[in-house]
Amino acid sequence: MALRKKLESWVAPRNAASMRWRDVLFGGGVFDVSGDHPNKKGWEIFELGQKSFWAVPSAIPWDEPIRENPEYAEHIAAMLTFLCPGEKAAVTGASYISNLVRSEEAKFYFAEQALEEAKHYDALRRVIPKITGRPLEAPNVWVRFLYSFGVVDRDDVAFMMGNINIIGEQIANQIFHRINHRAVDPNLRKLLALIGKDESRHIGAGQRFFGEVFDQFEKNRRKIIAKNLATSIVLAFATYDLVKPMDALDVDLIEIMDSMYKHYHDVTSGLPAFPEQAILEKIVAHLRKQTPKTIARIRKATDESGRIDPQKLVAMCEEALKSPRMLRDVLENLPFLARAA
Ligand SMILES: [Fe+2]
Ligand SMILES: [Fe+2]
């Protein structure tokens, strides 16, 4: 209870953005003109975004070629090709979040983030063919699953904010950072640095705004945790083809996932504990340990045309939340479950 109080005082969300009949008839909501921003840190990050604004058309001289080290060029392009559709999905996700939050701070910030994700998508869509000399490849079925079912649920703001700002951005930013470490072309490096700077701010925003959707998180937590577990499995499928580029670029997915789990823990550890907390911690500990084996097992059990039914996958993961024993069964029988899904 004390923690809950602390959380409420931390965010103190104020409705300055809803557009209901009540707001039309009596004022308030979107018609609030007080300019009060109790989530001071949230408002500051919205202002910081404006100060850091950059434009894709003038970010680099687009008529100049990109000259990347031939040893790494294809690997860099493969990683960016993996991240690119996620940027576009994040435009949709951040726009939905902006529609669903009630404070002026959050609504304005997420509208800003949606525009920044659009810039990231546009920048990557332009730069990848300049590295490879080929048109941008369309994402495969696993990547499409990851960036739809794993990112967007227009009825679940807490799920979207958690998966975009706490989990997704953290993973993507670490990948951008490692690619930039290997890249040599100054224009590509400049572009990646601009995107990376935005992503760091988006990660910070997750910490500043998650409290505003805490009620929804509390209400949907079972479903959200199950969907996160399912998304981890889809992520393993989606990144399997990237094993070679990741090795070449020193991108250690296990290390990245580990740092993401730590970040997730940092953001959520200030929140009140749930009855499922012990099971959630077991899930995380197990995933950290088993991810490499799991990736191999999942891949073995499916063929190229295999399909996942998202609903079945989530139902399966929900079952696993009922007891550590069932969870162990689910994780140890992934090949069978993947085939059945
Ligand atoms: Fe982005
Ligand atoms: Fe982002």
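That block above? That's the structure.
Definitions and limits used
Counting of residues starts from 1 at the beginning of each chain's written sequence and follows it residue by residue. Here chains are named by letter from A upward and ligands by number from 1 upward, in the order in which they appear as written. Only residues with pLDDT of 70 or above have their local features reported here, since the model is predicted, and side-chain atom pairs are shown and tallied only from 80 upward, although totals for entire chains, interfaces and linings are computed over all residues. With hydrogens and water excluded, all non-hydrogen atoms of the structure serve as input to the side-chain values. Counted as donors are N, O and S atoms no farther than 2.8 Å from the metal, or 3.2 Å for Na, K and Ca; water is not among the atoms, and sites may therefore look incomplete. Note on geometry labels: four donors, all angles 85 to 135 degrees, give tetrahedral; four donors become square planar and six octahedral when opposite donors are over 155 degrees apart and every other angle is between 65 and 115; remaining cases are irregular. Runs of E in the DSSP output that reach at least two residues are strands. Runs of H or I that reach at least four are helices, and both are numbered from the N terminus. Relative accessible area decides the class of each residue, using a 1.4 Å probe on protein chains only: under 20% of the type maximum gives buried, over 50% gives exposed, and in between gives partly exposed. Should any heavy atoms of two residues lie within 4.5 Å, those residues are counted as being in contact. Whenever two N or O atoms come within 3.5 Å, that pair is a polar contact, provided that in protein one can donate a hydrogen and the other can accept it, and provided that, for residues adjacent in sequence, both atoms are side-chain atoms. Aromatic pairs are defined between Phe, Tyr and Trp rings, using the six-membered ring for Trp, whenever the two ring centres lie within 6.5 Å; interplanar angles under 30 degrees are classed as stacked, those over 60 as edge-to-face, and all others as tilted. A positively charged side chain is recorded as over a ring if its NZ (Lys) or CZ (Arg) lies within 6 Å of the ring centre. The angle to the ring normal must also be within 35 degrees. Side-chain atoms within 4.5 Å are what join buried Ala, Val, Leu, Ile, Met, Phe, Trp, Tyr and Cys residues into a set we call a nonpolar core. Every helix has an expected span of 1.5 Å times one less than the residues it contains.

Chemist: Quick question: what am I supposed to make of the coordination of the iron ion (ligand 1) here?
Modeler: Tetrahedral metal sites with four donors have an ideal angle of 109.5 degrees; octahedral sites with six donors have ideal angles of 90 or 180 degrees. Within the protein, the atoms that donate to the iron ion (ligand 1) are Glu87 (OE), Glu117 (OE), His120 (ND1) and Glu199 (OE), at distances of 2.0 to 2.3 Å. Relative to the metal, the 4 donor atoms surrounding the iron ion (ligand 1) lie at angles of 88 to 144 degrees, and the coordination shape comes out irregular. In the primary sequence, the donor residues of the iron ion (ligand 1) line up as E-x29-E-x2-H-x78-E. The metal-metal distance between the iron ion (ligand 1) and the iron ion (ligand 2) is 3.2 Å, with Glu117 serving as a donor to both. Taken together, the residues span a long stretch of sequence, with Glu87 in helix H5 (residues 70-100) and Glu117 in helix H6 (residues 104-132) at a distance of 30 residues. This pair shows no difference in class: Glu87 is buried, exactly as Glu117 is.

Chemist: So what exactly am I meant to see when it comes to the environment of Glu68 here?
Modeler: Tracing the backbone through its elements, the reader meets Glu68 in the loop between helix H4 (56-59) and H5. You can call Glu68 buried: its relative accessible area is 11%. Taking the C-alpha atoms as reference points, Glu68 and Arg182, separated by 114 residues in sequence, lie 9.6 Å from one another. Other than its neighbours up to four places away in sequence, Glu68 contacts Ala73, Ile76, Ile131, Arg182, Ala183, Val184, Asp185 and Leu188. For Glu68, the side chain forms a polar contact with the main-chain nitrogen of Val184, separated by 2.9 Å. Polar contacts involving the side chain of Glu68 include one to the main-chain amide nitrogen of Asp185, which spans 3.1 Å.

Chemist: Before we go on, may I ask you to explain the packing of aromatic side chains in this structure?
Modeler: Think of a pair of aromatic rings as described by two things: how far the centres are apart, and how the planes are tilted against each other in angle. In total, this model carries 9 aromatic pairs according to the counting rule given. Residues Trp43 and Phe46 carry aromatic rings whose centres are separated by 5.0 Å and whose planes lie at 55 degrees to one another, so their mutual orientation is tilted. With Trp43 and Phe46 both in helix H3 (residues 40-51) and 3 residues apart, the pair spans about one turn of that helix. With relative accessibility at 18%, the residue Trp43 sits in the buried group. For Phe46, a relative accessible area of 13% puts it in the buried group. Between the aromatic rings of Trp43 and Phe108, the centroid separation amounts to 6.0 Å while the plane-to-plane angle is 50 degrees, which identifies the pairing as tilted. One end of the pair, Trp43, is in helix H3; the other, Phe108, is in helix H6, with 65 residues separating them in the sequence. Here Lys119 stacks its cationic end above the ring of Trp54, 4.6 Å away from the centre of that ring.

Chemist: I'm lost on the side chain of His120 in this one. Help?
Modeler: With respect to the helices, strands and loops of the structure, His120 is situated in helix H6. Polar side-chain contacts of His120 include one of 2.9 Å to the side chain of Asp198. Among the polar contacts made by the side chain of His120, one reaches the side chain of Glu199 at a distance of 3.1 Å. Once residues within four sequence positions are removed from consideration, His120 is found in contact with Trp54, Glu87, Ile195, Asp198, Glu199 and His202.

Chemist: Looking at this model, I keep getting lost on unusual backbone geometry. Mind explaining?
Modeler: Trans peptide bonds make up most of the peptide bonds, and negative phi angles are found at most residues other than glycine. Located in the positive-phi region is Asp250, a residue other than glycine, with phi close to 60 degrees. Among the structural elements, Asp250 can be located in the loop between helix H11 (243-248) and helix H12 (253-268). On the basis of relative accessible area, Asp250 is assigned to the exposed category, the value being 52%.

Chemist: Quick question: what am I supposed to make of the nonpolar core here?
Modeler: The nonpolar side chains of soluble globular proteins are, as a tendency, buried together. Counting 82 residues, the largest nonpolar core has Ile76, Leu80, Phe82 and Leu188 as its most contacted members. Ranked by residues supplied to this core, first place goes to helix H8 (residues 157-182) with 13 residues. When sequence neighbours within four positions are dropped, the list of residues in contact with Leu188 reads Ile66, Glu68, Ile76, Leu80, Val127, Ile131 and Ala183.

Chemist: Looking at this structure, I do not really get helix H9 (residues 186-209). What am I missing?
Modeler: For an α-helix, 3.6 residues make a turn, and residues three or four places apart therefore share a direction. With 24 residues, H9 should cover 34 Å at 1.5 Å per step; its first-to-last C-alpha distance of 35 Å lies within 8% of that length. Two or three places before Asn187, at the opening of H9, Asp185 has a side-chain oxygen 2.9 Å from that residue's backbone nitrogen.

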